[in-house]
Amino acid sequence: MEVASRVAPLLAVVVLAGAWGRTLNGVVAAVVGLLLVAAVLAAVHHAEVVAHRVGEPFGSLVLAVAVTVIEVALIVALMASGGAKAETLARDTVFSAVMITTAGIVGLSLLSATLRKPIVRFNSEGAGGALATIGALAVLTLVLPSFTTSSPGPTFTDGQLAFAAVASITLYLLFVFVQTVRHRDYFVAPGSDDEDHAAPPTNRTAFISLGMLLVSLVAVVGLAKTLSPTIESAVLSAGLPLSFVGVIIALVVLLPEGIAAVRAARIGRVQTSLNLAFGSAMASIGLTIPTIAVAQIWLPTGLQLGLGPVQIVLLALTLFVTALTVVPGRATLQQAGVHLALFAAFIAVSVAP
């Protein structure tokens, strides 16, 4: 894994240099797609190494930020192509990320943990605070635009968008302060089970991973830009709504994060799983929306953030169910099943709105 995680980003950069500005045929597009996934996996692997070096809860924070940087890069790369089809891409991707993390990753993590132990426990103070922040961010940025009247459609005025961006980054930074300084103990599992790690990597290894992480991010941004027309054509050819592009972006970006969360839950580190899932959802909104708001200055397309009625109902139900899951500080197989049912419903309405 270590060798592959170093070779993949370098190979991706080489292929990017050869494919940049060219129209891709089927075989070349497939190769570029595989290298894009490999670069994402490599980026998260190196982020994990850095995270392991700095320890919890800083580790989960590093992973969440790295994943969000990749997500923002993919969104901006696809939106830069312009056109009405790009106006809802940020909304679709951020909404997908929230649903995948709070329903899919949480559900799979709880399933993995409860198959090992009937009742799993975690710190409700940390998980509850994270979920409250996610709920506030989601409503302010994804639900409110559907009800404002100052601009037509599910959009914000420039002033409203600026407020949403400032509120998002402020809430996110406040949470980071609480997680890493003021109430760090809220994000460590009861009994300190989450601290049973292998020996952390050396400073040299961590710095190498930091450098490879930067190379991986460059490769992801470039390959995404090169592959964007092919992704959109493939979605339309399959008869899927164009909004499914956002689901694909979120799935690709969050796949390694999901694997890490489920792996942690399987060995009893449920708190780390929740930190990863909720941290990714929060960073996806709190960092993506402000970045996209700033990028609007030069992007050739508008920005529609407001969700439709079906998505709003699904989001509200997911937040409600997740709150009932985290408040007691313990969960069983029942909670895992409910979360996975909501994730299945999200996929179903994404395929056939």
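Remember, it's a predicted structure, so these values are computed and weren't measured experimentally. (Residues numbered from 1 in each chain as written. Predicted model: local features only at pLDDT ≥ 70, side-chain atom pairs only at ≥ 80, totals over all residues. Heavy atoms only, no water.)

Undergrad: Can you lay out the overall build of the chain for me, pointing to particular residues and giving the numbers?
TA: For the chain, the count of helices and strands is 12 helices and two strands. Counting from the amino terminus, helix and strand elements in the chain follow one another as α-α-α-α-β-α-α-α-α-α-α-α-β-α. What you see for the chain is a C-alpha radius of gyration of 20 Å, in line with the 20 Å of a compact globule of 353 residues. In terms of principal-axis extent, the alpha carbons of the chain reach across some 55 × 50 × 35 Å. Considering only contacts within the chain whose residues lie at least 6 apart along the sequence, 84% involve residues at least 24 apart. Put simply, the chain shows about 14,700 Å² of open surface, and 70% of that area lies on carbon and sulfur atoms. (Helix = DSSP H or I, 4+ residues; strand = E, 2+ residues; numbered from the N terminus. Rg over C-alpha atoms; globule rule 2.2 N^0.38 Å. Contact = heavy atoms within 4.5 Å. Areas by Shrake-Rupley, 256 points an atom, 1.4 Å probe, with all protein chains shown as cover.)

Undergrad: Outline the packing of aromatic side chains, supporting the account with residue identities and numerical values.
TA: All chains considered together, the criterion is met by three aromatic pairs. Arranged with centres 5.4 Å apart and planes meeting at 85°, the rings of Phe175 and Phe187 form a pair that is edge-to-face. Residue Phe175 is found in helix H6 (residues 158-182), and its partner Phe187 is found in the loop between H6 and helix H7 (203-237); the two are separated by 12 residues along the sequence. A relative accessible area of 3% means that Phe187 is categorised as buried. Aromatic pair Phe343 and Phe346: ring centres 6.3 Å apart, planes at 40°, arrangement tilted. A residue pair is termed a helical-turn pair when its members lie 3 or 4 positions apart in one helix, as Phe343 and Phe346 do in helix H12 (residues 333-351) at three residues. On the basis of relative accessibility, which here comes to 1%, the residue Phe346 falls in the buried class. The structure contains a cluster of three or more aromatic residues connected by ring pairs, namely Phe95, Phe343 and Phe346. (Phe/Tyr/Trp six-rings, centres within 6.5 Å; stacked < 30°, edge-to-face > 60°. Buried < 20%, exposed > 50% of the residue type's maximum accessible area, 1.4 Å probe, protein only.)

Undergrad: Summarise the side chain of Thr141; cite the residues concerned and give the values.
TA: Residue position: Thr141 is located in helix H5 (residues 124-143). Residue Thr141 is classed as buried on the basis of its relative accessible area of 0%. A distance of 2.7 Å separates a polar side-chain atom of Thr141 from the backbone oxygen of Leu137. (Polar contact = N/O pair within 3.5 Å; in protein donor to acceptor, adjacent residues only side chain to side chain.)

Undergrad: Let's hear about the confidence of the model for the chain: which residues, and what values?
TA: Scored by pLDDT, the chain comes out at a mean of 84, with 92% of its residues at no less than 70. By mean pLDDT, the top-scoring element of the chain is helix H11 (residues 309-326) (96), and the lowest-scoring one is helix H3 (residues 58-79) (71). Confidence drops under pLDDT 50 across residues 193-197; counting only partners more than four residues distant or on other chains, this segment forms 12 contacts. (pLDDT = per-residue confidence, 0-100.)

Undergrad: Summarise the environment of Val143; cite the residues concerned and give the values.
TA: Here Val143 is to be found in helix H5. Since its relative accessible area comes to 12%, Val143 is described here as buried. Distance from Val143 to Leu307, taken between C-alpha atoms, is 5.8 Å for residues 164 residues apart in sequence. Beyond its immediate stretch of four places on either side in the chain, Val143 contacts Ala138, Ile312 and Leu315.

Undergrad: So what about the environment of Ala103? Which residues, and what values?
TA: Along the polypeptide, Ala103 turns up in helix H4 (residues 89-116). Separated by 235 residues in sequence, Ala103 and Val338 place their C-alpha atoms 8.5 Å apart. Beyond its immediate chain neighbours, meaning those up to four positions away, Ala103 contacts Val98, Thr318, His339, Leu340, Leu342 and Phe343.

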